[in-house]
Amino acid sequence: MMTKSRKPNRFEMTFLMMFHGVLTGSILLTYLSGDDVYFLHKFAGYVVCAALFVRLAAALVVPKSSPLRLSLPKLFVRREGGRSPVFAWMAVALITTTAAAALSGLLADSIGFKDLHEGLAEGILPIFIFGHMALVLWRPLVRRLSNVTAEDADRIVTQATVVGSQLTALLLSVVRRAKPYLQGTR
């Protein structure tokens, strides 16, 4: 007998959003602090491991009908809400790769998984992260672009050109002002 899944309630949605925020922030922090601030890199890596552990523990405790439950998605079957299985498979790939990178990071210093850890964290994980972001942003972007007229497109291009030239001028000004400090002549 297959149990019917339901939409998340307020608590479940809050839990999922907090999990997502903690995981995303700690992954970003591990990436940015990798070689420069090693203790911060390790701390953020432990936070990634803890977030994944808490998510797994929550999935084991909740009832079968809860959206927090983890199960392998069907290969080509859409959920009742009309969501594509690509979203579910992307989540599986992203969580699996994140867990592999985090666990190999835990073992990097002790038994020498440093090359595996760096390969996962710097090679494969960014591909899944950017793929996930593209997948999440694709549908709203297509909806929004389908309603754009030619006049709107011209106006958007003109505004983007003006903003781009202003940002370029600002960047050149900052570089000009910082150049003496960077060269040590001041």
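About the criteria used
Residues numbered from 1 in each chain as written. Predicted model: local features only at pLDDT ≥ 70, side-chain atom pairs only at ≥ 80, totals over all residues. Heavy atoms only, no water. Axes fitted to C-alpha atoms, helices over the stretch in contact; angles between N-to-C directions. Helix = DSSP H or I, 4+ residues; strand = E, 2+ residues; numbered from the N terminus. Parallel < 35°, antiparallel > 145°, perpendicular 65-115°, else oblique. Left-handed = near helix turned anticlockwise from the far one by under 90°. Contact = heavy atoms within 4.5 Å. Nonpolar A, V, L, I, M, F, W, Y, C, P; charged D, E, K, R; others polar. Buried < 20%, exposed > 50% of the residue type's maximum accessible area, 1.4 Å probe, protein only. Expected span 1.5 Å × (residues − 1). Polar contact = N/O pair within 3.5 Å; in protein donor to acceptor, adjacent residues only side chain to side chain.

### Observations concerning the packing of helix H1 (residues 10–32) against helix H2 (residues 38–61)
Piece 1. It is at 8 Å that the axes of H1 and H2 come closest, and there the two elements cross at 155 degrees. One way to sum up the angle between H1 and H2 is to call them roughly antiparallel. In this structure, H1 meets H2 at a crossing whose hand is left-handed. Residues Phe15, Leu16, Phe19, Val22, Leu23, Ser26, Ile27, Leu29 and Thr30 of H1 touch H2, and the partners they reach there are Leu40, His41, Ala44, Gly45, Val47, Val48, Ala51, Leu52, Val54, Arg55 and Ala58.
Piece 2. Of the residues that constitute the contact of H1 with H2, the class distribution is 15 nonpolar, 4 polar and 1 charged.

### Considerations on the side chain of Thr98
Piece 1. Relative to the helices and strands, Thr98 resides in helix H3 (residues 85–111).
Piece 2. For Thr98, a relative accessible area of 3% puts it in the buried group.
Piece 3. In contact with Thr98, other than residues within four places in its own chain, are Leu23, Ile27, Val48, Leu52 and Leu125.

### Description of the environment of Tyr46
Piece 1. Here Tyr46 is to be found in helix H2.
Piece 2. Taking C-alpha positions, Tyr46 is 9.7 Å from Thr30, a pair spaced 16 residues apart along the chain.

### As for the packing of H3 against helix H4 (residues 114–146)
Piece 1. The interhelical angle for the contact between H3 and H4, taken along N-to-C directions, is 155 degrees, at an axis separation of 9 Å. With respect to their mutual orientation, H3 and H4 come out roughly antiparallel. Taken as a pair, H3 and H4 cross one another with a handedness that is left-handed. Residues Val86, Phe87, Met90, Ala93, Leu94, Thr97, Thr98, Ala100, Ala101, Ser104, Gly105 and Ala108 of H3 form the contact with H4, whose own contacting residues are Lys114, Leu116, His117, Leu120, Ala121, Ile124, Leu125, Phe128, Ile129, Gly131, His132 and Leu135.

### Details of H1
Piece 1. Given a rise of 1.5 Å per residue, 23 residues ought to cover 33 Å, and the 33 Å separating the end C-alpha atoms of H1 matches this to within 8%.
Piece 2. Close packing links the buried residues of H1 with H2, H3 and H4.
Piece 3. Among the residues of H1, the N-terminal cap falls to Asn9, whose side-chain oxygen and the backbone nitrogen of Phe11 are separated by 3.1 Å.

Structural measurements only, silent on function.
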